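Reading the structure
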Amino acid sequence: MRLLTAALLTLLALPAAAQHIRIGIASDPDVLDPTLSRSVAARQVFMAMCDKLIEVDEQGALVPQLATAWEWQEEGRALLLTLRDGVRFHDGVALDAEAARIGLERHRTAPGSTRRGELGPVTAIEVAGPMQIRIRLSEPFAPLLAALSDRAGMLVSPRQANVLGAEFQAAPACAGPFRLTRRVAQDRIELERFDEYWNRAAIQAERVTYRPIPDTTVRASNLRAGTLDVIERVNPSDVATLKGDRRVRLLEGPSLAVVYLAINMANGARAETPLARDPRIRAALEASIDRAALNRVAFEGLYRPGNQSTPPGHPQHVPGIAVPGRDLARARALLREAGHERLRIRFSVPNTTEYIQAAEVIQAMAAEAGITLEIQVIEVATLLRQWTAGDFEMLIIAWSGRTDVDGNLWGFNACGEPLNGGRYCSAAADAALREGRTQVEPAARLAAYGRAMEVLLRDRPYIYLWHPTNFTATGAAVQGLRMIPDGLIRLQGLRVRG
């Protein structure tokens, strides 16, 4: 009995096993720098590394994170934010107003920043007190709060403010719950818990590993085998299998995302194509696509066909714009009218299951109209670089969506914006989009975006195709996963039951 008691006491004295959460993501991030990044894979990893000024909750509402309060001033031309006490960056530097000012200025002024457009008409960032900053604008800018709930609201240590890209990734210093320890390209990203994190009580895991696995079925198989704890972006073809497996749990939630075809309209030599020069050919391509059939064939009917950047139900989804059906006769007629019996288009496709499946369906549909799509499968980060450089004719990609539609439209469509890889430029679209972002009254904003969509749907720099449903799966022992409409996995509250 004494031996049994002693053994029991020994077991009780042993520390609990260190929690290690392994997350399967759909692709390898482009660059782990919130100022330069443009991939959704990087946004997933940033959820562990980089807290934001403002967070998004399960209902899509904006709630405090590094900022505890905010208020508009000067008739919408200034935003005052109060910062949270007790926050430290991964290099030990404390967050204060000057550090926040420097971090936001980095997004505004760094070479190659993809956040600059998201901050809109910001003219200055001022220290308003030891723990307060004031953001000044040349005009009211309704999307600013939503922008600060994403990468534009992620702050880096002032010591790292002048370090960019690969150099920043070598020793990134954000203010999130985990810090980077190792990255092996195309294989894994390893992080360890930052014990000085301001919300330390909400973090149960000691380590997190992200594994980029483009094949959705392989991700699901790894989850079922227990080598992953969480996987994002479950493919509809795997939904039934996961629902029937007691070793895992499938969670479903709304999504802000949209998938579309992007056309190189004017970015370099690769834009010297009939597709770029003649709107009739872009119209023919769209008319050859049956969005409803695409959803049934590629996605088990679980997604929603669409032709706007926001899904139905979004506050800035423009009502009354019907999703066009397939019109093969019109597609062939438009092609002939443009002087072509047949046409070839190079079609760049990310190397993930979902994109490849959809691209093959679109390829078959377009072929019936006389359009040959030459599919070239490319790794996601490489494809994003090619998009920026203009090394593409047409590509298919997803945008994970924003709570404010400005984050879906302005950076991709406005003249000269860094996310506008196809270099589309329209004075009419710019004017409508600018009105939408500078108005504050919801009805006026919606009317402006309606005018913008009329131009964009006519010019077709993007052909919107579908809105995914957010399917995420975990091992049966995983608890605390919250389904947020942006589809990003939060580590706060997430744990593996022992």
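Our subject is the structure listed above.
First, a word on what this report is: a plain description of the structure on this page. (Residues numbered from 1 in each chain as written. Predicted model: local features only at pLDDT ≥ 70, side-chain atom pairs only at ≥ 80, totals over all residues. Heavy atoms only, no water.)

**Details of the packing of helix H15 (residues 427-438) against helix H16 (residues 442-459)**
Condition: Lines are fitted to the C-alpha atoms to define the axes, a helix being fitted only along its stretch in contact, and any angle between axes, read from their N-to-C directions, falls within 0 to 180 degrees. Helix and strand assignments follow DSSP, with helices taken as H or I runs no shorter than four residues and strands as E runs no shorter than two, numbered in order from the N terminus. In these notes the angle categories are as follows: under 35 degrees is roughly parallel, over 145 is roughly antiparallel, 65 to 115 is roughly perpendicular, and the rest is oblique. If you view the pair so one helix is near and one far, a crossing is left-handed when the near helix is turned anticlockwise from the far one by less than a right angle, and right-handed when it is turned clockwise. Residues count as neighbours in contact if any of their non-hydrogen atoms are within 4.5 Å of one another. Classification convention: Asp, Glu, Lys, Arg as charged; Ala, Val, Leu, Ile, Met, Phe, Trp, Tyr, Cys, Pro as nonpolar; all other residues, Gly among them, as polar.
It is the contact of H15 with H16, at a shortest axis distance of 8 Å, that shows an interaxial angle of 160°. With respect to each other, H15 and H16 are oriented roughly antiparallel. In the crossing of H15 with H16, the sense of the turn from one axis to the other is left-handed. Contacts between H15 and H16 involve Ala 428, Ala 429, Ala 432, Leu 433, Glu 435, Gly 436 and Arg 437 from the first element and Arg 445, Ala 448, Tyr 449, Arg 451, Ala 452, Val 455 and Leu 456 from the second. Across the contact of H15 with H16, the residue classes break down as 9 nonpolar, 1 polar and 4 charged.

**Describing the state of the cysteines**
Note on terminology: disulfide describes a covalent bond linking the sulfur atoms of two cysteines. We count it as follows: Throughout, disulfides are identified as pairs of cysteine sulfur atoms within 2.5 Å of each other. Note on exposure labels: buried denotes an accessible area under 20% of the residue type's maximum, exposed denotes more than 50%, and partly exposed covers the range between, all computed with a 1.4 Å probe on protein chains only.
Applying the stated criterion across every chain, the model contains 2 disulfides. With a sulfur-sulfur separation of 2.1 Å, Cys 50 is cross-linked through a disulfide to Cys 174. What sets the handedness of the Cys 50 and Cys 174 disulfide is the S-S torsion sign, and at about 60° it is right-handed. In this pair, Cys 50 sits in the loop between helix H2 (40-49) and strand E2 (54-56) while Cys 174 sits in the loop between helix H5 (165-170) and strand E8 (178-184), placing the two residues 124 residues apart along the sequence. What pairs with Cys 415 in a disulfide is Cys 425, and their sulfur atoms sit 2.0 Å apart. Residues Cys 415 and Cys 425 are joined through a disulfide that is right-handed, its torsion about the S-S bond being 100°. Of this pair, Cys 415 sits in the loop between helix H14 (406-413) and H15 while Cys 425 is found in the loop between H14 and H15, placing the two residues 10 residues apart along the sequence. Here Cys 415 falls in the partly exposed class, since its relative accessible area comes to 27%. Across the chain, the way the bonded cysteines pair up, counted in sequence order, is 1-2, 3-4.

**Some thoughts on the packing of aromatic side chains**
Worth spelling out the cut-off: Stacked, edge-to-face and tilted labels apply to pairs of Phe, Tyr and Trp rings (six-membered ring for Trp) whose centres lie within 6.5 Å, assigned for plane angles under 30 degrees, over 60, and everything in between, in that order. Criterion for a charge above a ring: Lys NZ or Arg CZ within 6 Å of the ring centre, and within 35 degrees of the ring normal.
A full pass over the atoms with the stated rule returns 10 aromatic pairs. For the ring pair Tyr 197 and Trp 198, a centre distance of 5.5 Å and an interplane angle of 55° mean the geometry is tilted. Its relative accessible area of 4% is what places Tyr 197 among the buried residues. With a relative accessible area of 25%, Trp 198 lands in the partly exposed category. The cationic tip of Arg 84 hangs over the ring face of Trp 198; the distance from NZ or CZ to the ring centre is 4.0 Å. Over the ring of Phe 168 we find Arg 106, and its NZ or CZ is 4.8 Å from the ring centre.

**Describing unusual backbone geometry**
Of note, the phi angle at Arg 423 is positive, near 55°, even though the residue is not glycine. With respect to the helices and strands, Arg 423 occurs in the loop between H14 and H15. At Arg 460, a residue that is not glycine, the phi angle is positive and equals roughly 55°. Looking at the secondary structure, you find Arg 460 in the loop between H16 and strand E18 (462-467).

**With respect to the nonpolar core**
If you look at soluble globular proteins, the nonpolar side chains tend to sit buried side by side. Spelled out, the test is: Here, nonpolar core means buried Ala, Val, Leu, Ile, Met, Phe, Trp, Tyr and Cys residues that are tied together by side-chain atoms lying within 4.5 Å of each other.
By size, the foremost hydrophobic cluster in this structure holds 77 residues, and its most contacted members are Tyr 260, Leu 261, Trp 387, Met 394, Ile 396 and Trp 466. Membership of the second largest hydrophobic core comes to 36 residues, among which are Leu 180, Phe 194, Val 208 and Met 483.

**Observations regarding the pattern of salt bridges**
Selection rule: By convention in these notes, a salt bridge is any Lys or Arg side-chain nitrogen within 4 Å of a carboxyl oxygen on Asp or Glu.
Scanning all chains against the criterion turns up 39 salt bridges. With a closest N to O distance of 2.9 Å, Arg 490 and Glu 55 form a salt bridge. On the criterion of sequence distance, the pair formed by Arg 490 in the loop between strand E20 (478-479) and strand E21 (495-496) and Glu 55 in strand E2 is long-range, its members being 435 residues apart. Using a relative accessible area of 2% as the deciding quantity, one classes Arg 490 as buried. Three or more residues are tied together by salt bridges with common partners; here these are Arg 182, Asp 187, Arg 188, Glu 190 and Arg 211.

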